[in-house]
Amino acid sequence: MQTPDLVRLEYTVIPDNNFGIQTNRYRALINAPIKLSTENYFVVGMEYNRYEFEIERELPFEYNNLERLHIIDLNLGYTFLMNPTWRIVGVLTPRISSNIERGLDNNDLRLNASLVFWKEEKELEKPYRLILGLSYNSATGLPFPLPLINYYKRFHKNWSYTLGIPRSDFKFYVKDKHVLETAVFLDGYFVNIQSNIELPGNNVGTAISLSALVGAVGYQYKITKEISLYAMAGYSILQEGLIRDGDRGRAFTLNDEGNFYFRTGFKIGIF
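All of the points below concern the structure found in this document. Just so it is clear, the structure is predicted and the values come from calculations on it, not from any experiment. (Residues numbered from 1 in each chain as written. Predicted model: local features only at pLDDT ≥ 70, side-chain atom pairs only at ≥ 80, totals over all residues. Heavy atoms only, no water.)

**Quick notes on the overall build of the protein**
Heads up, the rule is: Numbering of helices and strands runs from the N terminus, with a helix taken as a DSSP run of H or I at least four residues long and a strand as a DSSP run of E at least two residues long. In this treatment the radius of gyration is a C-alpha quantity, and the globule benchmark scales as 2.2 Å times the residue count to the 0.38 power. The classification of residues rests on relative accessible area computed with a 1.4 Å probe and restricted to protein chains. Under 20% of the type maximum is buried, over 50% is exposed, and intermediate values are partly exposed. Contacts: residue pairs with any heavy atoms within 4.5 Å of one another. The Shrake-Rupley method, run with a 1.4 Å probe, gives the accessible areas here. Residue values count only the displayed protein chains as cover. Here Asp and Glu are counted as negative and Lys and Arg as positive; His is not counted, and neither are the chain ends. Charge positions are represented by NZ for Lys, CZ for Arg, CG for Asp and CD for Glu.
Counting secondary structure elements, the protein contains zero helices and 15 strands. Here the C-alpha radius of gyration of the protein, 20 Å, is about what a compact globule of 271 residues would show, namely 18 Å. Seen through its C-alpha atoms, the protein measures out along the principal axes to roughly 60 × 40 × 25 Å. Out of the 271 residues belonging to the protein, those deemed buried represent 42%. Sequence-distant contacts, at least 24 apart, represent 53% of the contacts inside the protein between residues at least 6 apart. A total of about 14,300 Å² of accessible surface is found on the protein, and carbon and sulfur atoms cover 59% of it. Side-chain charges in the protein split into 29 positive and 30 negative, and the spacing between the mean points of these groups amounts to 11 Å.

This is how it looks when you write it as structure tokens:
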């Protein structure tokens with residue numbers, strides 16, 4: 001489960017830069033908590049991401065099968081109160097990540113998992129939240145879990161900050177319904193290509209990936225405490241779009257220059 005939101009509808013665009021490729025992402029998710037007892041919940045949900053590319057330049061290979069990519073996640077989570085201070089959250093996420101040219105094959109299937117310890121104090125004068133855990137993402141190619149860290153503090157009535165991986169931010173609450181923010185976060189994808197791509201130099205591409213470190217400013221309008229509209233505009237400080245070979249190595253560079261980044265959406269969250 002990549003987010004604690006209950007519902008999210010989102011559109012992201014990375015415009016064309018010198019490499020002649022524009023990326024459009026459409027995202028929809030829903031998570032439904034099912035109460036098992038006073039403090040125990042089972043969570044089931046789904047998330048769908050569709051990437052569409054507008055390619056304005058000639059590439060030295062056939063790329064029609066790259067113009068639309070799909071990532072489909074099934075979220076299965078369980079959370080319980082370990083003691084009066086700490087909550088444990090475990091999530092298992094089977095994933096389909098593919099251009100889906102012809103049904104599904106084994107390389108389209110991934111399995112992600114995370115386990116976190118969650119502490120939150122909402123009733124203090126300066127409320128805070130601490131999340132510590134590990135997350136295993138099969139798309140990274142690393143055979144071990146990576147740290148997941150998130151520390152949030154509302155240190156003033158009008159100000160808060162979040163420090164963590166994969167996102168940090170600083171927020172100014174203008175009024176109850178209006179929030180301004182600056183943020184730094186990671187974004188990207190790893191998607192299997194079902195028909196291998198014949199590349200120059202006798203290379204063969206089997207997957208496409210994007211890794212980006214984004215700095216952005218944003219605005220959030222809170223319809224209620226949990227429901228909001230939001231928009232962000234920023235720039236990818238680091239960006240690398242690649243065709244990868246069967247060993248997940250660099251086979252062809254699609255884009256390795258920084259670029260503008262825009263995101264807007266609607267969400268229903270738990271905080």
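**Quick look at the side chain of Ser 228**
The condition that has to hold: Polar contact is the term for a pair of N or O atoms within 3.5 Å; when the atoms are in protein, one must be able to donate a hydrogen and the other to accept it, and sequence-neighboring residues count only if both atoms are side-chain atoms.
Inspection of the secondary structure assignment puts Ser 228 in strand S13 (residues 227-244). A polar contact is formed between the side chain of Ser 228 and the side chain of Gln 220, at a distance of 2.9 Å. Ignoring anything within four residues of it in the chain, the contact list for Ser 228 reads Gln 220, Tyr 221, Lys 222, Ile 223, Gly 265, Phe 266 and Lys 267.

**Considerations on the packing of aromatic side chains**
Aromatic rings in a pair are described by how distant their centres are and how their planes are angled relative to each other. Note the following rule: Working definition: rings of Phe, Tyr and Trp (its six-membered ring) pair if their centres are within 6.5 Å, and the pair is stacked with planes under 30 degrees apart, edge-to-face with planes over 60 apart, and tilted otherwise. The rule is short: NZ of Lys or CZ of Arg within 6 Å of the ring centre and within 35 degrees of the ring normal puts a charge over the ring.
Evaluated as defined, the whole model comprises 14 aromatic pairs. Ring geometry for Phe 61 and Phe 252: centres 5.2 Å apart, planes at 85°, overall edge-to-face. Here Phe 252 lies in strand S14 (residues 250-255) and Phe 61 lies in the loop between strand S3 (41-55) and strand S4 (68-81), a separation of 191 residues in the sequence. In terms of burial, Phe 61 and Phe 252 fall into one category: buried. An aromatic cluster of three or more residues is present, and its members are Tyr 128, Tyr 151, Phe 155, Trp 159, Tyr 161, Phe 170 and Phe 172. Over the aromatic face of Tyr 26 sits the side chain of Arg 50, whose NZ or CZ is 5.1 Å from the ring centroid. Positioned above the aromatic ring of Tyr 173 is the side chain of Arg 154, whose terminal nitrogen or guanidinium carbon lies 3.7 Å from the ring centre.

**Structural notes on a nonpolar patch on the surface**
Convention followed: The residues that make up patches have over 30% relative accessible area and no salt bridge, and they are joined within 9 Å when like-charged or within 5 Å when they are Val, Leu, Ile, Met, Phe, Trp or Tyr. Note on definitions: salt bridges are taken to be side-chain nitrogens of Lys or Arg within 4 Å of carboxyl oxygens of Asp or Glu.
A surface patch of nonpolar side chains, amounting to about 470 Å² of accessible area, comprises Val 174, Leu 180, Tyr 219, Tyr 221, Ile 223 and Leu 229. Its location among the elements puts Leu 180 in strand S11 (residues 178-199). A relative accessible area of 40% places Leu 180 in the partly exposed class.

**A few points about unusual backbone geometry**
A cis geometry characterises the amide bond from Ile 165 onward to Pro 166, with omega recorded as 20°. Tracing the chain through its elements places Pro 166 in the loop between strand S9 (159-165) and strand S10 (167-175). One non-glycine residue, Ile 100, adopts positive backbone phi at about 45°.

**Let's talk about the side chain of Gln 220**
Mapping Gln 220 onto the fold places it in strand S12 (residues 203-222). A residue is classified by how much of its surface remains accessible, and Gln 220, at 7% relative accessible area, is buried. Residues contacting Gln 220, with those up to four places away along its chain left out, are Lys 171, Lys 177, His 178, Val 179, Ser 228, Leu 229, Tyr 230 and Lys 267.

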